[in-house]
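# Commentary on secondary and tertiary structure
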Amino acid sequence: MAQPMDLDPKPPEETATKAGYDLPWLEKYRPQYINEIVGNTEAVARLQVIAEEGNMPNVILAGPPGTGKTTSILCLAHQLLGPNYKEAVLELNASDDRGIDVVRNKIKMFAQKKVTLPPGRHKIVILDEADSMTSGAQQALRRTMEIYSNSTRFALACNQSSKIIEPIQSRCAIVRYARIPDEDILSRMRLVAEKEGVTYNEAGMEAIIFTADGDMRQALNNMQATHSGFGFISQENVFKVCDQPHPKLVMGIIAKCKAGDLDAAYAGMKELQDMGYSPMDIITTVFRVVRNADIPEFLKLEYLKEIGFCHMRVSEGVNSRLQLSGLLAKLCSKTLIAAR
């Protein structure tokens, strides 16, 4: 049956407001200026100097996901170019457009394009996930950077700068980003919670910070998902939404290892695997829990060393239950050695 026509259309302001609320909070509260970016104060200060002086070099922003690399480049481009942003910026995600044809066609054509800009300003090519580009594409990009250096600057964001070829690295200023400190994530989440009318308790906020592990994008997404799903951010609700092994269960396993009780520790680990969690989920949570646990320093270092070796093997694909069982045995043996 046909729907009746809306004879009383909403005013544009109301429609825009509703559309704003439909946006993911990640986009809604994305910083617009460099000085609004949270965390990585030294890296942000370097970009702020570039924005003020206007002399932008080719840059590589390297660091873990969700730490503000892409946002920093966008803010820098907006502050440098202002109203010319749309015609003077080419934004590509190199994880999709990563072949040599993209460099030869899209990037080269953009670099050749004539754009009228204020003195001292350049067109900007933003390449997100640049470490996904093929070696051939990177070689072609190196040549393009050389030829059009008078008119075009390149900003590359990547997780690992080692995957960018040396000739490109030597032509760029490398800015390194680290994971965002917990207190900075908490302050931004409280600001968003106040503006969105979110109800929460402190344990819920701590749970979101634990699941995010220094990733602001993950923190805001988890917060929005918990709020829209349950209406209240508590520890229990957060772990239902994020579906990670509960830290209390993992802490119980570590406590059994500290007591040297391998059978009980194995039973706890088997219970987690029977719930459907993968070895990678479990080992990641074990690392976070041990890192923050109240364990004697020497024992904590020994535990983290063994967890690191196990994590490496699991990430390489050796992810059977035997690996985690071996880890528990080694943790128990470290406890017994430390007790002597």
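Within an unreviewed UniProt entry, the label attached to the protein chain reads Replication factor C subunit 2, and the organism entered is Chlamydomonas incerta. Quoted verbatim from the Subunit (unreviewed entry) field of the UniProt record, the comment on the protein chain reads "Heterotetramer of subunits RFC2, RFC3, RFC4 and RFC5 that can form a complex with RFC1."

## Thoughts on the pairing of strand β1 (residues 59-62)
Burial along β1 is two-sided: V59 and L61 facing one way and I60 and A62 facing the other are all buried. The pairing of β1 with strand β4 (residues 152-158) spans four bridges and is classified as parallel. Considered in β4, the bridge of A62 is made with C158.

## Notes on helix α14 (residues 262-274)
For α14, spanning 13 residues, the distance from its first C-alpha to its last is 18 Å, which sits close to the expected 18 Å at 1.5 Å a residue. The set of residues buried in α14 consists of A265, G268, M269, L272 and Q273. The buried residues of α14 occupy one face: seen down the axis, they fall within an arc of 140°. Among the exposed residues of α14, those oriented more than 90 degrees off its buried face are D263 and D274. Following α14 by one or two positions, G276 has its phi on the positive side, about 105°.

## Structural notes on the sheet that holds strand β5 (residues 173-176)
Ordered by their spatial adjacency, five strands build an open sheet running β2-β3-β4-β1-β5, and the pairing between neighbours is parallel. A single partner strand is all that each edge strand has here, and the edge strands are β2 (89-93) and β5. Each adjacent strand pair in this sheet contributes to an overall mean axis angle of 15°, direction not counted. Relative to β4, strand β3 (residues 123-128) runs parallel, the two being bridged by five bridges. Within the sheet, the bridge partner assigned to V125 lies in β4 and is F154. Here helix α3 (residues 41-53) sits on the sheet and contacts β1 and β5; the angle it forms with β5, its principal contact strand, is near 140°. Lying over the sheet, helix α4 (residues 69-81) contacts β1, β2, β3 and β4, oriented at roughly 170° with respect to β3.

## A few points about the packing of helix α10 (residues 202-212) against helix α12 (residues 235-242)
Running from amino to carboxyl end, α10 crosses α12 at an angle of 30°, the nearest separation of the two axes being 7 Å. If you check the angle between α10 and α12, you find them roughly parallel. Side by side, α10 and α12 meet where A203, G204, A207, I208, F210 and T211 of the first sit next to Q235, V238, F239 and C242 of the second. A class-by-class count of the residues in the contact of α10 with α12 yields seven nonpolar, three polar and no charged.

## As for the pattern of salt bridges
Throughout the structure, instances matching the rule amount to 15 salt bridges. Across the pair R30 and E27 runs a salt bridge whose closest N-O atoms are separated by 3.0 Å. You can call E27 partly exposed: its relative accessible area is 37%. For K28, the salt bridge identified is with E196, shortest N-O distance 2.9 Å. Taken together, the residues K28 in helix α2 (residues 25-28) and E196 in helix α9 (residues 182-196) connect sequence positions 168 residues apart. Here the salt bridges do not stand alone but share partners, grouping E302, K305, E306, K330 and K334 into one network.

Definitions and cut-offs
Residues numbered from 1 in each chain as written. Predicted model: local features only at pLDDT ≥ 70, side-chain atom pairs only at ≥ 80, totals over all residues. Heavy atoms only, no water. UniProt positions renumbered as here; feature names shortened; annotations may be inferred. Buried < 20%, exposed > 50% of the residue type's maximum accessible area, 1.4 Å probe, protein only. Helix = DSSP H or I, 4+ residues; strand = E, 2+ residues; numbered from the N terminus. Pairing = 2+ DSSP bridges. Expected span 1.5 Å × (residues − 1). Arc of directions from axis to C-beta. Axes fitted to C-alpha atoms, helices over the stretch in contact; angles between N-to-C directions. Contact = heavy atoms within 4.5 Å. Parallel < 35°, antiparallel > 145°, perpendicular 65-115°, else oblique. Nonpolar A, V, L, I, M, F, W, Y, C, P; charged D, E, K, R; others polar. Salt bridge = Lys/Arg side-chain N within 4 Å of Asp/Glu carboxyl O.

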